[in-house]
Amino acid sequence: MYDTDHDFDCLVFIGRFQPPHLGHLAVINEALRHARQVIVLVGSAWQARSLRNPWRFDERQAQLRSCFDEEENARLEIVPLLDALYNNDVWVRDVQRKVRDIAGHHHARLPRIGLIGASRGQSSYYLSLFPQWESVSVPLVDGISASQIRERLFRSSSSMEDYLSTGATHDLPPGVCDALRNFAGSDAHLQLVEEQRLLDQYRQAWANAPYPPIFVTVNAVVVQSGHVLLVRRTAAPGKGLLALPGGFVNPHERLLDACLRELRERVRLKVPEPVLKGSLRGQRLFDEPHRSWRGRTLAEAFYFALRPDQQLPQLKPVKGGDHARWVPLAELEPDSLFEDHFFIIQNFLGLPADFSGI
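Residues numbered from 1 in each chain as written. Predicted model: local features only at pLDDT ≥ 70, side-chain atom pairs only at ≥ 80, totals over all residues. Heavy atoms only, no water.

Going by the annotation in an unreviewed UniProt entry, the name recorded for the chain is Bifunctional nicotinamide-nucleotide adenylyltransferase/Nudix hydroxylase, with Billgrantia antri given as the source organism.

Caption draft 1: View of the overall build of the chain. What the chain contains, in helices and strands, is twelve helices and twelve strands. Its C-alpha atoms give the chain a radius of gyration of 23 Å, near enough to 21 Å, the size a compact globule of 358 residues would have. Projected onto its principal axes, the C-alpha coordinates of the chain cover approximately 70 × 50 × 35 Å. In the chain, buried positions account for 47% of the 358 residues. A separation threshold of at least 6 residues defines the contact pool for the chain, and within that pool the share at least 24 residues apart is 70%. Surface summary for the chain: the accessible area is close to 18,000 Å², and the carbon and sulfur share equals 50%. For the chain, the distance from the average site of its 41 positive side-chain charges to the average site of its 43 negative ones is 8 Å. (Helix = DSSP H or I, 4+ residues; strand = E, 2+ residues; numbered from the N terminus. Rg over C-alpha atoms; globule rule 2.2 N^0.38 Å. Buried < 20%, exposed > 50% of the residue type's maximum accessible area, 1.4 Å probe, protein only. Contact = heavy atoms within 4.5 Å. Areas by Shrake-Rupley, 256 points an atom, 1.4 Å probe, with all protein chains shown as cover. Lys, Arg positive; Asp, Glu negative; His and termini not counted. Charge placed at Lys NZ, Arg CZ, Asp CG, Glu CD.)

Caption draft 2: A look at the nonpolar core. One finds V40, L153, F154 and L230 to be the most contacted residues of the largest nonpolar core, which totals 64 residues. Other than its neighbours up to four places away in sequence, L230 contacts L242, A243, L244, P245, H323, A324, R325, V327, L332, L337 and I345. Counting 21 residues, the second largest nonpolar core, distinct from the first, contains V231, C259, L269 and L306. (Core = buried A, V, L, I, M, F, W, Y, C linked by side-chain atoms within 4.5 Å.)

Caption draft 3: Expanded view of the pattern of salt bridges. Under the defined criterion, the tally for this structure stands at 19 salt bridges. In this structure, the salt-bridge partner of E59 is R49, at a minimum N-O distance of 3.0 Å. Highlighted residues: E59 in helix α2 (residues 57-65) and R49 in the loop between β2 (35-42) and α2, separated in sequence by ten residues. The class of E59 is partly exposed, set by a relative accessible area of 22%. Residue classification places R49 among the partly exposed positions, given a relative accessible area of 22%. When the shortest N-O distance is used, the salt bridge between E151 and R203 registers 3.0 Å. Of the two residues, E151 is situated in helix α6 (residues 146-154) and R203 in helix α9 (residues 187-205); the sequence distance between them amounts to 52 residues. With a relative accessible area of 25%, E151 lands in the partly exposed category. Look at R203 and you get partly exposed, because its relative accessible area is 42%. Each of E253, R261, E262, E265 and R266 takes part in salt bridges that share partners, so that together they form one network. (Salt bridge = Lys/Arg side-chain N within 4 Å of Asp/Glu carboxyl O.)

Caption draft 4: Molecular detail of unusual backbone geometry. Q18 connects to P19 through a cis peptide bond whose omega is -5 degrees. Of note, the amide linkage connecting A236 to P237 takes the cis form, showing an omega dihedral of 0 degrees. Structurally, P237 is set in the loop between β7 (227-232) and β8 (242-243). Phi at R268 is positive, roughly 55 degrees, even though this residue is not glycine. Positionally, R268 belongs in the loop between α10 (255-267) and α11 (273-278). The residue E339 is not glycine, and still its phi comes out positive at about 45 degrees. Mapping E339 onto the fold places it in the loop between β12 (323-328) and α12 (341-349). Owing to a relative accessible area of 19%, E339 belongs among the buried residues under this scheme.

Caption draft 5: The packing of aromatic side chains, seen in detail. Going through the model one piece at a time under the given rule, you end up with 13 aromatic pairs. The interplanar angle of 80 degrees and the centroid separation of 4.8 Å between the aromatic rings of Y86 and F286 together place this pair among those described as edge-to-face. A residue pair is termed long-range when its members are at least 10 positions apart, and Y86 in the loop between β3 (76-80) and α4 (88-103) and F286 in strand β10 (residues 280-286) qualify at 200 residues. Taken individually, Y86 and F286 each receive the classification buried, so the pair is uniform in this respect. These aromatic residues form a ring-pair network of at least three members: Y202, W206, F215, F248 and W293. Just above the ring of F8 sits the side chain of R112; from NZ or CZ to the centre is 4.5 Å. Note that R233 overlies the ring of F338, its terminal NZ or CZ placed 4.1 Å from the centroid. (Phe/Tyr/Trp six-rings, centres within 6.5 Å; stacked < 30°, edge-to-face > 60°. Lys NZ or Arg CZ within 6 Å of the ring centre and 35° of its normal.)

Caption draft 6: Structural context of the sheet that holds strand β5 (residues 134-137). The strand order across the open sheet built from five strands is β3-β2-β1-β4-β5, with neighbouring strands paired in parallel fashion. In this open sheet, the two edge strands, each paired with only one partner strand, are β3 and β5. Geometrically, the sheet is characterised by an average inter-axis angle of 25 degrees between neighbouring strands, direction not taken into account. In this sheet, β5 lies alongside strand β4 (residues 113-117) in parallel orientation, the contact comprising four bridges. Looking across to β5, one finds that G114 is bridged to E134. Seen against the sheet, α4 touches β1 (8-15), β2, β3 and β4 and runs at an angle of roughly 145 degrees to β2. (Pairing = 2+ DSSP bridges. Axes fitted to C-alpha atoms, helices over the stretch in contact; angles between N-to-C directions.)

Caption draft 7: Fine view of the confidence of the model for the chain. Looking at the chain as a whole, the pLDDT averages 89, with 91% of positions reaching at least 70. Confidence scores differ between elements of the chain, with helix α5 (residues 120-129) showing the lowest mean pLDDT of 63 and α2 the highest of 98. (pLDDT = per-residue confidence, 0-100.)

As structure tokens, then:
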């Protein structure tokens, strides 16, 4: 028999919680009323800090737990979930495995599992990916937008404290407000404030365009002898992060030519162009809508697999540019790479998607 006090053995709630707000709490509280156990899968784990992902998994986990008492927290499993931006099957498999391992079996029977969501659209989307689980819909809390909350928090160095002292109580639980007050003024906070300032300037430059701009860029995935060619970004956004070489396409330039130009001019890769062209093993368009800081930005990436050699090709430093280096594949971690560049590399090289041990 099922637990007589609960409709479900387990309810699963998937979100990014950047940051956790009262709308999220409404869903989790409803889940606690209907399930013996609630699994909260926190997406965008192990991502580098950005305006879209300001807080790391452990920070969001602490923020969520601050909203519940001891008995409720004992029934909550809060688990990190790595994005798989360009492979839904990998992401679905990761969700299935995490839920299976946590929910387990109950008295020699399969547990009754459901997906709970904050809107009908979200629930139906997840239901299409997990037809083996039931769907539970919770009324959407009107007037709360995580993206608007983030913009208010990073408009200036003082905006976070101003917002937390005035309107935040309408959107954020007290424990989350306390955590954000502690975050205010940190180096990470100030860097995000600078990125928000640059983004506002960027948007202002396009404010009079007749329609939102769509940008086209190229990236190079150059691999040799277990190493990938990356650059260390020297300016915001993503200052200090590793990134694939690349840039914008010139108006009268073919995409491959743009990619080769970036390798020649920005990285000074000492590999003849005919050798690079002969090493091209694949290309793909990467178009996740939120992939870039700039807004809607399409990236065509080219995969070059150079012949193994004991000596990696030389890189000539470019004055005032990003610093290029060869990085061993074993050292690649999602939170050290800019935007979606880890997932671009993963797409071509088939890197494992399980970072549960990090």
